[in-house]
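Below, each chain spelled out in residue letters.
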Amino acid sequence: MTASRVLVLNSGSSSLKYQLLDMSRPSPATTLNGAATPHGDDSGSRLASGIVERIGEEGSVADHSEALGVVSKELRARGLGLDSPELAAVGHRVVHGGSRFTEPTLITDEVVAEIEKLVPLAPLHNPANVTGIKVARELRPDLPQVAVFDTAFHATMPEAAARYAIDRATADRYGVRRYGFHGTSHAYVSRATAKLLGKEPSEVNVVVLHLGNGASASAVRGGVCVDTSMGLTPLEGLVMGTRSGDIDPAVIFHLSRVGAMDVDEIDDLLNKRSGLVGLCGDNDMREIGRRMAERDASAQLAFDIYVHRLRKYVGAYSAVLGRVDAIAFTAGVGENSAAVREAALRGLEPLGIEIDAVRNAVRGTVARVVSTETSRVAVAVVPTDEELEIAQQAYSLVRP
Ligand code: AMP
């Protein structure tokens, strides 16, 4: 028997998300689309998934070690125990790989130490990711553990896109450059979009719009990322649920000097009290839609600002790519909000983008094209699957 299961762990500060996948079976997406796969790996069928929440809170599990114990118990009850010889690897989502990690990486003590060194770049995420790695290594020290980085897919960005126009010595000393995030999703969705069009990833140029609570855009040329909207941290770029996205950096000096706010307050403002929630009090696009239907002016303005930013990035990345074959919408808002898709692309026929109102309005859970037959640029809705991508990348390192 070959070990073919991969446990994917996404460890947050107070939660542990998991999925167990069997890589010897095809992924459901492949089965649904039927046809032979035009590219890489399409294996990975989900055996179990879940989340342990409120870690560390009173009356809940004490820490991540106990949380993994809960996961282990849940899986054992279903005959999928983590002590099974069928488990081939654990794949860990790690948010920041800095300049050091640009590929899925087999975890060693040295790798853990390097990920810890990157904590200043992702103070909220990397410590939790490291905790997840440590408890999983304690549980199964014999098992290969693989780190898959959210930044990795963007490592191919050319210097012209990755470098900020600030003093080079200062930037280099402090690692200040654009890293990008959501890379696992951008990688998965750009490939799935090529497949939806019946093409190889190397044959198509795709603008991927990952619109969840966090949101980012990427320009992917022939399967290779050439630009993305998030930067040193996930704060840059699109308007998000609670983050401002792009602002003039001088806003920070102004708030410091004139508003007497300290750096932590401004950090909190821009990351947690801005974006949709800052503009209208809600960060859920469903609620904003409901309020817009009742002619709520602040919800409408929040929507308009969100969409305006999105359109700017579609235009910018069309120019970066020169030829665009597809625009792919993904994540919570991208997959579900026909209104956002329509508003973002309305009136872009001169750029060869023709969204089909009827197709766009149909709800669905599989990858689909929502542009007209005559649209030069395909507009697609492509559900993301970061866990599957992590499992495939992890398995590719340990596969016999
Ligand atoms: P994610 O981070 O990908 O889980 O996306 C979460 C966000 O997706 C939520 O905050 C909502 O704004 C949005 N969302 C989820 N479902 C819908 C829906 N049916 N219509 C519009 N937006 C949705």
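Residues numbered from 1 in each chain as written. Predicted model: local features only at pLDDT ≥ 70, side-chain atom pairs only at ≥ 80, totals over all residues. Heavy atoms only, no water.

Looking now at the packing of aromatic side chains. Per the counting criterion, the structure on display carries 2 aromatic pairs. A ring pair is formed by Phe101 and Phe149, whose centres lie 4.6 Å apart and whose planes are at 5°; its orientation type is stacked. Of the two residues, Phe101 sits in the loop between β4 (87–94) and β5 (105–106) while Phe149 sits in strand β6 (residues 145–149), which places them 48 residues apart along the sequence. Overall, the relative accessible area of 2% leaves Phe101 in the buried class. A relative accessible area of 2% means that Phe149 is categorised as buried. Where Tyr313 meets Tyr317, the ring centres are 5.6 Å apart and the plane angle is 80°; that geometry is what we call edge-to-face. (Phe/Tyr/Trp six-rings, centres within 6.5 Å; stacked < 30°, edge-to-face > 60°. Helix = DSSP H or I, 4+ residues; strand = E, 2+ residues; numbered from the N terminus. Buried < 20%, exposed > 50% of the residue type's maximum accessible area, 1.4 Å probe, protein only.)

Contacts to the ligand come from Gly212, Asn213, Asn283, Asp284, Met285, Arg286, Ala331, Gly332, Val333, Asn336, Ser337 and Arg363. At 2.9 Å, a backbone N or O of Asn213 approaches an oxygen atom of the ligand. Looking at the shell around the ligand, the elements with two or more residues in it are α11 (285–293) and α13 (331–336). Considering every element that reaches the shell around the ligand, the biggest residue donor is α13, with 4 residues. Of the residues contributing to the shell around the ligand, the split by class is 3 nonpolar, 6 polar and 3 charged. (Near = heavy atom within 4 Å. Polar contact = N/O pair within 3.5 Å; in protein donor to acceptor, adjacent residues only side chain to side chain. Nonpolar A, V, L, I, M, F, W, Y, C, P; charged D, E, K, R; others polar.)

Moving on: the side chain of Ser4. When you line up the elements, Ser4 lands in the segment before β1 (5–11). Reaching out from Ser4, the side chain makes a polar contact with the side chain of Asp22 at a distance of 3.1 Å. Once you skip the residues sitting within four places of it in the chain, Ser4 turns out to touch Leu21, Asp22, Met23, Ser24, Glu86, Ala88 and Tyr395. (Contact = heavy atoms within 4.5 Å.)

Tallied over the full model, the rule gives 25 salt bridges. Asp172 is the salt-bridge partner of Arg163, the closest N and O atoms lying 3.1 Å from each other. Since its relative accessible area comes to 47%, Asp172 is described here as partly exposed. Among the ionic pairs, Arg273 bridges to Asp268, the shortest N-O distance being 3.2 Å. Sharing partners across several salt bridges, the network here consists of Arg100, Glu110, Glu114 and Lys117. (Salt bridge = Lys/Arg side-chain N within 4 Å of Asp/Glu carboxyl O.)

What follows deals with helix α4 (residues 126–139). Taking 1.5 Å as the rise per residue, α4 with 14 residues should run 20 Å; its terminal C-alpha atoms sit 20 Å apart, in good agreement. Looking only at α4, the buried set comprises Asn126, Ala128, Asn129, Val130, Gly132, Ile133, Val135 and Ala136. Buried residues along α4 sit against β1, α2 (64–77), β4, α3 (109–117) and β6. (Expected span 1.5 Å × (residues − 1).)

When α3 is considered as a whole, its buried residues turn out to be Val111, Val112, Glu114 and Ile115. Buried positions in α3, seen along its axis, are confined to an arc of 160° and lie on one side of it. In α3, the exposed residues that point more than 90 degrees away from the buried face are Asp109 and Lys117. For α3, the elements touching its buried residues are β4, β5, α4 and β6. (Arc of directions from axis to C-beta.)

This next bit is on the UniProt feature "binding site: substrate" (unreviewed entry) in the chain. Taken from the UniProt record, the annotation "binding site: substrate" (unreviewed entry) applies to Arg93. When you line up the elements, Arg93 lands in strand β4. With near-sequence residues (within four places) excluded, Arg93 lies in contact with Leu9, Asn10, Asn129, Val148, Asp150 and Ile390. (UniProt positions renumbered as here; feature names shortened; annotations may be inferred.)

Moving on to the sheet that holds strand β9 (residues 224–228). Taking strand neighbours across the sheet as the criterion, the 6 strands line up as β9-β8-β7-β10-β12-β11 in an open arrangement whose pairing is mixed. In this open sheet, the two edge strands, each paired with only one partner strand, are β9 and β11 (368–369). In this structure, strand β8 (residues 215–221) lies alongside β9, joined through 4 bridges in antiparallel fashion. Bridged to Ser218 within β9 is Thr228. Here helix α12 (residues 297–321) sits on the sheet in contact with β7 (205–211), β8, β9 and β10 (326–330), set at roughly 15° to β8. (Pairing = 2+ DSSP bridges. Axes fitted to C-alpha atoms, helices over the stretch in contact; angles between N-to-C directions.)

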